[in-house]
Amino acid sequence: MQSLALVAADEGGFTPPTISETHLPEIFPWMAEWGTGFGKNMLMVILAVLAIWWFFMFAIRKHELVPSRLQFIAEGGYSFVRNSLGRDILGEKHFKPWVPFLFTVFFFVLFNNLFGAVPLLQMPTFSHAGSAYAIAAIIWVTWIGMGFKLHGGRFVKLMTVPSGVPKWLLPLLVPIEFLSNFLIRPLTHSLRLMAVMLAGHIIVMLAGSGAEFLIAQQEGIGSSGLGFLILLGSIPLYFLELIMMVLQAFVFALLTAIYIQGSIEADAH
């Protein structure tokens, strides 16, 4: 596909989509050069909040003892977050106050990821670096703040000075632990989500635009046949991207729970 795109581009034909084309222009572009315009990305964040609210309110509206299919899905989602992300990671003693927060993180990321599979919307919100940085920063402030609340200034020492390590190694390990725990964590937390969502979105765009070029703009049975083969091949890619959307929401929420657990029990390490 890459060689095809390069040859076609040289001949003035097919030009593969770029990263800049994955995001539409600002809807209300005031001060857009400063990144403050109201664009499609911001609109989908609002839509995600409304969609989550509507889905769970509609699913549990009747509170039936024998749940309907929708109520079963909603309760199953809550139970998954409560048990797998809350109790199993944070422990029986600490998990209950954090269930609403983990529930919000998981489903907010999930719904925004799934926008990439919805026609017309068709863009995961977190394929944009700014959105990924923003939610990772919220998580970072949360677990850092919890650490200082529970342990005070000693939290920095707990997170940067490994126990049982010879003192002569501390000048080497303390800066590494500080960078790893306080700076690299939020970066990897955000970039992992953004990179996977952006890669999947680019692949789908490339397959779709390549197939359209071969079928609609090229002559010959061979080109049309190749275009249809690309379309058929994009179907499993679409479902693979769906799996990655759900998996990345789980991984993001799982790491959130792990970071919070590390702050709560920092003095146990």
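Here, the structure is the one placed above.
Residues numbered from 1 in each chain as written. Predicted model: local features only at pLDDT ≥ 70, side-chain atom pairs only at ≥ 80, totals over all residues. Heavy atoms only, no water.

## Brief notes about the packing of helix H2 (residues 40-59) against helix H4 (residues 99-114)
So, point 1. At a minimum axis separation of 9 Å, H2 and H4 run at an interaxial angle of 115°. The two elements H2 and H4 meet at a crossing, and its hand is right-handed. Where H2 abuts H4, its residues Met44, Val45, Ala48, Val49, Ala51, Ile52, Phe55 and Phe56 lie against Phe103, Phe107, Phe108, Phe111 and Asn112.
So, point 2. Tallied by class, the residues present in the contact of H2 with H4 amount to 12 nonpolar, one polar and no charged. (Axes fitted to C-alpha atoms, helices over the stretch in contact; angles between N-to-C directions. Helix = DSSP H or I, 4+ residues; strand = E, 2+ residues; numbered from the N terminus. Left-handed = near helix turned anticlockwise from the far one by under 90°. Contact = heavy atoms within 4.5 Å. Nonpolar A, V, L, I, M, F, W, Y, C, P; charged D, E, K, R; others polar.)

## Concerning the packing of H2 against helix H3 (residues 69-90)
So, point 1. Interaxial distance between H2 and H3 falls to 8 Å at its minimum, and their mutual angle equals 120°. Looking at the two axes, H2 sits oblique to H3. H2 and H3 meet at a crossing whose hand is left-handed. Residues Phe55, Phe56, Phe58 and Ala59 of H2 lie in contact with H3, whose contacting residues are Leu70, Gln71, Ile73 and Ala74.
So, point 2. Tallied by class, residues from the contact of H2 with H3 come to seven nonpolar, one polar and no charged. (Parallel < 35°, antiparallel > 145°, perpendicular 65-115°, else oblique.)

## Describing the side chain of Ser131
So, point 1. Note that Ser131 resides in helix H5 (residues 129-151).
So, point 2. Setting aside residues no more than four positions away along its own chain, Ser131 makes contact with Asn41, Thr125 and Phe126.

## A short note on the side chain of Thr160
So, point 1. Relative to the elements of secondary structure, Thr160 occurs in helix H6 (residues 154-160).
So, point 2. Of the polar contacts made by the side chain of Thr160, one reaches the backbone oxygen of Val156; its length is 2.6 Å.
So, point 3. Each residue touching Thr160, except ones within four places of it in the same chain, is listed here: Leu173, Val174, Glu177, Phe178 and Phe182. (Polar contact = N/O pair within 3.5 Å; in protein donor to acceptor, adjacent residues only side chain to side chain.)

## Side note on the packing of aromatic side chains
So, point 1. A complete count under the given rule lists 18 aromatic pairs for this structure.
So, point 2. The interplanar angle of 55° and the centroid separation of 5.6 Å between the aromatic rings of Phe80 and Phe106 together place this pair among those described as tilted. Placement of Phe80 in helix H3 and of Phe106 in helix H4 is noted, with a sequence separation of 26 residues between them.
So, point 3. Judged by relative accessible area, which is 31%, Phe80 ranks as partly exposed.
So, point 4. With relative accessibility at 6%, the residue Phe106 sits in the buried group.
So, point 5. Consider the rings of Trp143 and Phe182, whose centres lie 6.4 Å apart with planes at 25°: the pair is stacked. Taken as a pair, Trp143 in helix H5 and Phe182 in helix H7 (residues 170-217) lie far apart in primary sequence, 39 residues in all. The exposure classification of Trp143 matches that of Phe182, with both residues buried.
So, point 6. Every member of this aromatic cluster is reached through a ring pair, and the members are Phe55, Phe56, Tyr78, Phe80, Phe103, Phe106, Phe107, Phe111 and Phe250.
So, point 7. We note Arg185 situated over the ring of Trp143; from NZ or CZ to the ring centre the distance is 5.2 Å. (Phe/Tyr/Trp six-rings, centres within 6.5 Å; stacked < 30°, edge-to-face > 60°. Buried < 20%, exposed > 50% of the residue type's maximum accessible area, 1.4 Å probe, protein only. Lys NZ or Arg CZ within 6 Å of the ring centre and 35° of its normal.)

## Description of the nonpolar core
So, point 1. Counting residues in each nonpolar core, the largest one holds 46 residues, and the members touching the most others are Phe106, Phe107 and Trp143.
So, point 2. Elements that contribute at least two residues to this core include exactly H2, H3, H4, H5, H6, H7 and helix H8 (221-264).
So, point 3. With 10 residues, the single largest contributor to this core is H4.
So, point 4. What Phe107 contacts, discounting residues up to four positions off in sequence, is Ile52, Phe56, Gly77 and Val81. (Core = buried A, V, L, I, M, F, W, Y, C linked by side-chain atoms within 4.5 Å.)

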